[in-house]
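# Notes for the structure review
One-letter residues, chain by chain:
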Amino acid sequence: MRKLAILIPALAAVMLLSAAPARSDEGGTYGTAGEGIKKDECLLVAMNCVNNVDSVQQRIDRLQKEIAKGTDVYTRDELRILNDKLDEANRTYFELLNDRPTMDR
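Residues numbered from 1 in each chain as written. Predicted model: local features only at pLDDT ≥ 70, side-chain atom pairs only at ≥ 80, totals over all residues. Heavy atoms only, no water.

On to the overall build of the protein chain. Looking only at helices and strands, the protein chain has 4 helices and 2 strands in total. Across the 105 residues of the protein chain, 18% fall into the buried class. Counted over contacts in the protein chain with a minimum sequence separation of 6, partners at least 24 positions apart contribute 47%. As displayed, the protein chain has an accessible area near 8,700 Å², and 56% of this comes from carbon and sulfur atoms. (Helix = DSSP H or I, 4+ residues; strand = E, 2+ residues; numbered from the N terminus. Buried < 20%, exposed > 50% of the residue type's maximum accessible area, 1.4 Å probe, protein only. Contact = heavy atoms within 4.5 Å. Areas by Shrake-Rupley, 256 points an atom, 1.4 Å probe, with all protein chains shown as cover.)

Structural data, given as structure tokens:
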């Protein structure tokens with residue numbers, strides 16, 4: 001009975017450790033092995049955004065680059081979300097341009 005009490009937790013630990021490397025690949029990497037095409041989860045769903053602060057222009061550039069990856073990386077729904085966010089960023093950019101004070105001399 002004592003051997004069984006040691007064997008079961010040890011077997012569970014081995015199973016968990018062997019499953020960890022298989023799950024570590026789930027991070028938005030798509031394409032064939034070695035390509036390294038990744039989703040920008042920060043842009044898509046605000047995940048993994050540690051110290052990620054962009055200007056409006058930088059955000060527009062990043063969104064355009066991600067959208068250009070197309071269906072090789074993103075699903076159609078994800079591309080629609082990115083396009084919506086690009087439209088919103090463009091609106092913000094143009095609002096900021098129009099609200100800029102003019103210099104009267």
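What follows concerns the pattern of salt bridges. Considering all chains together, one arrives at 4 salt bridges under this definition. A salt bridge links Lys39 to Glu78; its shortest N-O distance comes to 2.7 Å. Taken together, the positions of Lys39 in the loop between β2 (37-38) and α2 (41-45) and Glu78 in helix α4 (residues 76-98) put the pair 39 residues apart, joining distant regions of the chain. Judged by its relative accessible area of 13%, Lys39 falls in the buried class. For Lys69, the salt bridge is made with Glu66, and the minimal N-O distance between the two is 3.1 Å. (Salt bridge = Lys/Arg side-chain N within 4 Å of Asp/Glu carboxyl O.)

For the coordinates displayed, the defined rule picks out 1 aromatic pair. Judged by centre distance (5.5 Å) and plane angle (70°), the ring pair of Tyr93 and Phe94 falls under edge-to-face. Given a relative accessible area of 24%, Tyr93 falls into the partly exposed group. (Phe/Tyr/Trp six-rings, centres within 6.5 Å; stacked < 30°, edge-to-face > 60°.)

This brings us to helix α3 (residues 56-68). The terminal C-alpha atoms of α3 lie 18 Å apart, and with 13 residues this matches the ideal 18 Å at 1.5 Å per residue to within 8%. All buried positions along α3 are accounted for by Ile60, Leu63, Glu66 and Ile67. Axial view of α3: buried residues confined to an arc of 130°, hence all on one face. In α3, those exposed residues whose orientation departs by more than 90 degrees from the buried face are Lys65 and Ala68. Close packing links the buried residues of α3 with β2, α2 and α4. Positive phi shows up at Gly70, right after α3, with a value of about 65°. (Expected span 1.5 Å × (residues − 1). Arc of directions from axis to C-beta.)

Leu43, Leu44, Ile60, Leu63, Ile67, Val73, Tyr74, Leu79, Leu82, Leu86 and Ala89 form the largest nonpolar core, which has 11 residues in total. Among the secondary structure elements, those contributing two or more residues to this core are α2, α3 and α4. If one sorts the elements of this core by residue count, α4 sits on top with 4 residues. Apart from the residues within four sequence positions on either side, Leu63 is in contact with Leu43, Leu82, Lys85, Leu86 and Ala89. (Core = buried A, V, L, I, M, F, W, Y, C linked by side-chain atoms within 4.5 Å.)

The next thing to look at is the environment of Gln57. One can find Gln57 in helix α3. With relative accessibility at 44%, the residue Gln57 sits in the partly exposed group. The sequence separation of Gln57 and Ala89 amounts to 32 residues, and the corresponding C-alpha distance is 8.2 Å. A distance of 3.1 Å separates polar atoms of two side chains, one belonging to Gln57 and the other to Tyr93. (Polar contact = N/O pair within 3.5 Å; in protein donor to acceptor, adjacent residues only side chain to side chain.)

Without other data, these values stay purely geometric and don't point to any function.
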